[in-house]
Amino acid sequence: MEGLSLTTIGLGLIIIGAAYGIGRIASSAMEAMGRQPEISSKIQTAMIIAAALIEGAALFAIVVALMKG
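Residues numbered from 1 in each chain as written. Predicted model: local features only at pLDDT ≥ 70, side-chain atom pairs only at ≥ 80, totals over all residues. Heavy atoms only, no water.

Student: Describe the overall build of the chain, and please don't skip the residues or the numbers.
Tutor: On a plain count of helices and strands, the chain comes out with two helices and zero strands. Relative to its length of 69 residues, the chain is extended, with a C-alpha radius of gyration of 16 Å against a globular reference of 11 Å. The dimensions of the chain, computed from C-alpha atoms along their principal axes, are 55 × 20 × 10 Å. When the 69 residues of the chain are sorted by exposure, 14% land in the buried category. Accessible area for the chain stands at about 5,200 Å²; split by element, carbon and sulfur atoms hold 70% of it. Within the chain, the 4 negative side-chain charges are centred at a point lying 10 Å from the centre of the 4 positive side-chain charges. (Helix = DSSP H or I, 4+ residues; strand = E, 2+ residues; numbered from the N terminus. Rg over C-alpha atoms; globule rule 2.2 N^0.38 Å. Buried < 20%, exposed > 50% of the residue type's maximum accessible area, 1.4 Å probe, protein only. Areas by Shrake-Rupley, 256 points an atom, 1.4 Å probe, with all protein chains shown as cover. Lys, Arg positive; Asp, Glu negative; His and termini not counted. Charge placed at Lys NZ, Arg CZ, Asp CG, Glu CD.)

See the structure below:
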């Protein structure tokens, strides 16, 4: 396991967590748009904002992990 540090594992977990969160958001948004197509623009806006917040938090966690390790 040479070369596989805790930083590498942490970065992988960060990416997996962010991808899972964005996938859940997209899935729920698609279901909501299917149920109420008349407000799909509001749902899409909220989905994009939430995905951006998750990506921002993931980027911050990546930067911190790289600075520590």
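Student: Tell me about a nonpolar patch on the surface, and please be specific about residues and values.
Tutor: On the surface, a cluster of nonpolar side chains totalling about 540 Å² of accessible area is made up of L4, L6, I9, L13 and I16. Owing to a relative accessible area of 43%, L4 belongs among the partly exposed residues under this scheme. (Patch = residues over 30% accessible without salt bridge, like charges linked within 9 Å, V, L, I, M, F, W, Y side chains within 5 Å. Salt bridge = Lys/Arg side-chain N within 4 Å of Asp/Glu carboxyl O.)

Student: Quick one: what's the story with helix α2 (residues 40-68), residue by residue and with numbers?
Tutor: Its 29 residues place the ends of α2 42 Å apart at the C-alpha level, agreeing with the 42 Å of an ideal helix rising 1.5 Å per residue. The complete set of buried residues in α2 reads I43, M47, A51, A58 and A65. In this structure, the buried residues of α2 make contact with α1 (6-35). (Expected span 1.5 Å × (residues − 1). Contact = heavy atoms within 4.5 Å.)

Student: Account for the pattern of salt bridges, with residues named and values stated.
Tutor: Scanning the model with the defined rule gives one salt bridge in all. Across the pair R35 and E31 runs a salt bridge whose closest N-O atoms are separated by 3.8 Å. With R35 and E31 both in helix α1 and four residues apart, the pair spans about one turn of that helix. Residue R35 is classed as exposed on the basis of its relative accessible area, which comes to 66%.

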